[in-house]
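Next come the chains, spelled out residue by residue.
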Amino acid sequence: MLVVRPIQPQDYAALYECAVESGYGFTSLPVDEDLLRRRIARAQEAFAREHVSEPGEEGYLFVMEDTETGKVVGCSGIEAAVGLTEAFYHYRLGKVVHHSKSLDVYNALETLTLCNDYTGVSELCTLFLREPFRKNQNGRVLSRFRMLFMAEFKERFSQFAIAEMRGVSDENGESPFWGWLEKHFFSMDFNQADYLTGIGEKAFVAELMPTFPIYVKMLEPQAQQVIGKVHDNTRPALRMLENEGFRFRGYVDIFDAGPTVEVEVANIKSVRESRRKPVQVGPVEAGSDVILCNTRVADFRAGRAQIQETDEHIIVSPEVAAALLLEEGDAARFVAL
Ligand SMILES: NC(=[NH2+])NCCC[C@H](N)C(=O)O
């Protein structure tokens, strides 16, 4: 069975492999020993914190483990609130109208304005599933169990959540939007800039990023074309989030112009449709396929399971109960797969 659980220090080697496999442009998993170890330590602190009444510095990071082999097959995270200790940046697509009645000229123009509008918002991040496991809806489980975690522990998250989607770049990591920034402002390549933000060194953004609004029309056509567009590999993830209710509201990444999608947490489909019932352990007949989790923080477990639902309970098999650390009478939360 594939079980999702909080990351542990002994998962370091597996997380490092995920970072290597995820390649260029995957900002939150840079190949950097220090950063990855800090990430694990931060997650441990977050899961260890028992009484959290509002979102803060917590960075929850989970791994998916194949219980048959003990191997980590992927990871997935939630930042409780971004931008609280360091600025968190976006470009906001806006409009200005230049109009002269006397001359009978009217021009509506798109602009990009640097902003920190998502400060304090929760972020779904760091979803990576290793290639051989990209089947049987494992990716959906690895993304959507987070909605169950947020539904169960509402007080730990902001009212709103975002996800930053990877923008357009080619197989060498060349991004048309970055190309324009590089030429006029940064003089370093995309991978280097992405890596620096990934390891948390963002001072250069404040120093070098164009802070005055930019007229989109003045960008090179190749750069204009990719604003708000996702990388081909990211299309399925975007579709899944859109099904959950996430929407593009005109915020794009400052480097590759990939879209950021947002949602009110209470309106996420899997949050609204998830339910919580006490567990009975026993044989499951004619069960339905769900994502199921226990309701603990430090000992959180989630996975795909067959359950049978009665008015008062859900029945789970002894194997599932053991894998998800559920005992007879414990509360469990679930949502249809
Ligand atoms: N693709 C990137 N690395 N973009 C830069 C990081 C953007 C992110 N919103 C932040 O402020 O941390």
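An unreviewed UniProt entry lists the chain under the name Arginine N-succinyltransferase, from Pseudidiomarina insulisalsae.

Comments concerning the overall build of the chain
In terms of helices and strands, the chain carries 10 helices and 15 strands. Rg of the C-alpha trace for the chain: 22 Å, near the compact-globule value of 20 Å for 337 residues, within the 12% margin. If one aligns the C-alpha atoms of the chain with their principal axes, the spans along those axes are about 80 × 45 × 35 Å. Counting only residues that meet the buried cut, the chain has 51% of its 337 residues in that class. Counted over contacts in the chain with a minimum sequence separation of 6, partners at least 24 positions apart contribute 72%. Accessible area of the chain: about 16100 Å², with a carbon and sulfur share of 49%. Computed over 36 positive and 51 negative side-chain charges, the separation of the two mean positions in the chain equals 5 Å.

Side note on the site of the ligand
Taken together, the residues surrounding the ligand are Thr27, Phe88, Tyr89, Glu164, Asp194, Thr197, Lys202, Asp253, Ile254 and Phe255. At 2.9 Å, a side-chain N or O of Thr197 approaches a nitrogen atom of the ligand. One nitrogen or oxygen atom from the side chain of Asp253 is found 2.9 Å from a nitrogen atom belonging to the ligand. Within the complex, the protein chains bury 93% of what would otherwise be the 340 Å² of accessible surface of the ligand.

Brief notes about the nonpolar core
Of all hydrophobic cores here, the largest spans 85 residues; its most connected members are Phe149 and Phe177. At 8 residues, the largest contribution of residues to this core is made by helix 3 (residues 138–152). Each of two domains, domain 1 (2–91 + 115–270) and domain 2 (274–336), supplies a minimum of three residues to this core. For Phe177, the contacting residues outside a window of four places in its chain are Tyr91, Leu112, Leu219, Ala223, Val226, Ile227, Asp253, Ile254, Phe255, Asp256 and Ala257.

What counts and what doesn't
- Residues numbered from 1 in each chain as written.
- Predicted model: local features only at pLDDT ≥ 70, side-chain atom pairs only at ≥ 80, totals over all residues.
- Heavy atoms only, no water.
- Helix = DSSP H or I, 4+ residues; strand = E, 2+ residues; numbered from the N terminus.
- Rg over C-alpha atoms; globule rule 2.2 N^0.38 Å.
- Buried < 20%, exposed > 50% of the residue type's maximum accessible area, 1.4 Å probe, protein only.
- Contact = heavy atoms within 4.5 Å.
- Areas by Shrake-Rupley, 256 points an atom, 1.4 Å probe, with all protein chains shown as cover.
- Lys, Arg positive; Asp, Glu negative; His and termini not counted.
- Charge placed at Lys NZ, Arg CZ, Asp CG, Glu CD.
- Near = heavy atom within 4 Å.
- Polar contact = N/O pair within 3.5 Å; in protein donor to acceptor, adjacent residues only side chain to side chain.
- Core = buried A, V, L, I, M, F, W, Y, C linked by side-chain atoms within 4.5 Å.
- Domains from an automatic or database assignment.

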